[in-house]
Structures are given as C-alpha cells and as structure tokens.
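Observations on the model geometry
If you want the building blocks of each chain, they are given just below.
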Amino acid sequence: MARIDLNADLGEGFGVWRLGDDEAMLGIVTSANIACGFHAGDPAALLSVCRLAAERGVRIGAQVSYRDLAGFGRRFIDVTYDDLLADVVYQVGALHGLAQASGSVVSYVKPHGALYNTIVDNREQAAAVAEAVLMIDAGLPVLGLAGSVFFDEARRRGLRTVGEAFADRAYRPDGQLVSRREPGAVLDDPDAIAERVLTMVTSGTVTAVDGSTVTLNVESVCVHGDSPGAVHVATAVRDRLTSNGIDLQAFC
C-alpha cells in the first residue's frame, strides 16, 4: 500500500490572538510543524499544542524561522551565518523542552516562510540551518523542498532530507512556490486541492501556473493551518487519499 505523511503548520497564534484550529487539525494530520516563538507562538499555547499532539500520536516538528513576529516570518532577513545558526539551535531547543514536558520529542525540523523560500537557493543561510540541526541531533530529518541547496547542505552533513509538496499553494514552472503577493498563489477549493494532492502522491507531478508539468519528490504533503477553511481542505485531502488506498503515516 502506498503511504504519505500529511503535515500542517500549527501553534501560530500569539497571546490572545489565535490562528487556525489546531485541535481539529491534530485529528487529521500525521505530523505537526509547530512554531517556536520567532514567527508566532507563545510558550503556554505551544505547550498546549505539544500536549495535544502527544495525546493523539502526531509527530512534532520544530518550525524554525527568522526572528520576525511582526511579519509572521514572511519577510527576508539578511541575517549572518552565526546568528542564524544560533537562532535555529535556540528555537529547536525551546520546542524540544515543551515537547519533552508533554511526553513527546521533536522528531524533525522544518523551516518556515521566508526562511524556507530563501534557503532554496541561498547557500550560506541553508548551510547555517543544516549545521544547526547537525549540532543538535544528527538523527533529526529536515523537511523542505527537493532540489534546494538546503537539501544539498543537509545531505553533505549526513542529515536525512524529506521532500515536501504543498496542497494549497500554486507552483512555478521551476518547481518553486508562487509568491503569496501574486494572485492565485493560495488555493481554496477543497475538492480541487484534494484531487491535486492525489495526483501529486500517485504520479509525483503537479501542474504549474503556466500549464507545464513539474516533477515532485513527495514524502510529505503540507496543508497550511492558517489558511481560510484549512480544516475542510485537510479533511478533503485526507478522505481523497484514504479512499484511493493511500495510507497516511508519519515519515519518521
């Protein structure tokens, strides 16, 4: 039986502001990319999400980012190698403490937002993130975009790389994501997204915005927890996959 991991970005509220329905999403996904406080998330809320994930057997991943609460981690920051390395170590360590207190552990690392997109081709920042993960635990997989220099740097250090596809984001012909600033970058039709994900998983391809076919290396599929209707989209994706004989299982 074919199998795939389904992940979502969770723990992205802050203080009295709540974003998405983490509890509902944890009943759907197999892996949770949990914020670490730099782009979103406060300690009390993150501890609560970690506890829910542990109770439901959902894998916890550290979603590391630039230090950018005001911009939700979606703005590029020209941070130095040493500062970025320390920032990533700090974030993973903080979330690991919360996960451990919840009876779980951090099982993988996934960059967020602008950092995720930057290290597709920025080798210095990619190397800083990969080196930080290696320093913490050489056994931690990294989740990201196949073909990125981040994966090059991770593999050079012996880290396991896990290729990710995005259920609800439009793709460029080069396999990168369409900028959120452009119209049509975020998809919102649950049925269309579910069918698209099924194609991604079964054929390893997706149709880009220009109509061309892009080849994907898909071990995990992300549904953004902060998107409007995220629970409906994630449910539709899960149902479409399972009804076609695909088992949902965490990659680690």
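To be clear, the structure that these remarks concern was listed above.
Here the residue numbers are simple positions, counted from 1 along each chain's written sequence. With pLDDT at 70 or above as the cut-off, local features in this predicted model cover only qualifying residues; side-chain atom pairs require 80 or more to be listed or tallied, and sums for whole chains, interfaces and linings still use all residues. The side-chain figures draw on all heavy atoms in the structure; neither hydrogens nor water molecules are used.

The subject of this paragraph is the packing of helix H2 (residues 43-56) against helix H3 (residues 81-101). What describes two packed helices is the angle between their axes and the distance between those same axes. As a packed pair, H2 and H3 sit with axes 8 Å apart at the nearest point and diverge in direction by 50°. Between H2 and H3, the crossing angle belongs to the class labelled oblique. Handedness of the H2/H3 crossing: right-handed. Of the residues in H3, those touching H2 at Pro43, Leu46, Leu47 and Cys50 are Leu95, Leu98, Ala99 and Ala101. Lines are fitted to the C-alpha atoms to define the axes, a helix being fitted only along its stretch in contact, and any angle between axes, read from their N-to-C directions, falls within 0 to 180 degrees. Helix and strand labels come from DSSP, where a helix needs a run of H or I of at least four residues and a strand needs a run of E of at least two; each type is numbered from the N terminus. For classification purposes, angles smaller than 35 degrees are called roughly parallel, those larger than 145 roughly antiparallel, those between 65 and 115 roughly perpendicular, and all remaining angles oblique. Note on convention: the crossing is left-handed when the near helix lies turned anticlockwise from the far helix by less than a right angle, right-handed when the turn is clockwise. Contact criterion: two residues are considered in contact whenever any of their non-hydrogen atoms come within 4.5 Å of each other.

What follows is about unusual backbone geometry. At Phe72, a position not held by glycine, the phi torsion is positive, near 60°. Topologically, Phe72 is positioned in the loop between strand S3 (59-64) and H3. In this structure Phe72 comes out as buried when scored by relative accessible area, which is 16%. Residue exposure (1.4 Å probe, protein chains only): buried if accessible area is under 20% of the type maximum, exposed if over 50%, otherwise partly exposed.

With that out of the way, let us pick up empty space enclosed by the protein. The way it works is a 1 Å grid over only the protein atoms, where trapped points that fit a 1.4 Å probe form a cavity and open points with protein on both sides within 12 Å along at least five of seven lines form a pocket, and then any residue with an atom within 4 Å of a point lines it. Grid points are joined across faces, edges and corners, and a volume is the space filled by probe spheres set on the points. All chains considered together, the criterion is met by 1 cavity of 30 Å³ or more. As a volume, the largest cavity reaches approximately 50 Å³. What lines the largest cavity is simply Pro111, Tyr116, Ile119, Val120, Leu143, Gly144, Leu145, Ser148 and Phe150. Each residue receives one of three labels: charged for Asp, Glu, Lys and Arg, nonpolar for Ala, Val, Leu, Ile, Met, Phe, Trp, Tyr, Cys and Pro, and polar for the others, Gly being one of them. For the lining of the largest cavity, the class distribution of residues is 7 nonpolar, 2 polar and no charged.

By convention, a stacked pair of Phe, Tyr or Trp rings (six-membered ring in the case of Trp) has centres within 6.5 Å and planes under 30 degrees apart, an edge-to-face pair has planes over 60 apart, and any other such pair is tilted. One pass over the structure, following the stated rule, counts 5 aromatic pairs. An angle of 85° between the planes, with centres 6.1 Å apart, marks the rings of Tyr66 and Phe76 as edge-to-face. With Tyr66 in the loop between S3 and H3 and Phe76 in the loop between S3 and H3, the pair connects residues that are 10 residues apart, well separated along the chain. By relative accessible area, which is 2% here, Tyr66 ends up buried.

Once their charged atoms are close, side chains differing in charge can pair, the charge on each being opposite to the other. The salt bridge criterion pairs a side-chain nitrogen of Lys or Arg with a carboxyl oxygen of Asp or Glu, the two atoms within 4 Å. Counted under the stated rule, the structure contains 14 salt bridges. Here Arg67 ties to Asp87 by a salt bridge, and the two come within 3.1 Å at their closest N and O atoms. In this pair, Arg67 is assigned in the loop between S3 and H3 and Asp87 in helix H3, connecting sequence segments 20 residues apart. A relative accessible area of 13% means that Asp87 is categorised as buried. Here Arg157 ties to Glu131 by a salt bridge, and the two come within 2.7 Å at their closest N and O atoms. Here Glu131 lies in helix H5 (residues 123-136) and Arg157 lies in the loop between helix H6 (149-156) and strand S6 (161-166), a separation of 26 residues in the sequence. Each member of the salt-bridge network shares a partner with another, and the members are Arg123, Glu131, Asp152, Glu153, Arg156 and Arg157.

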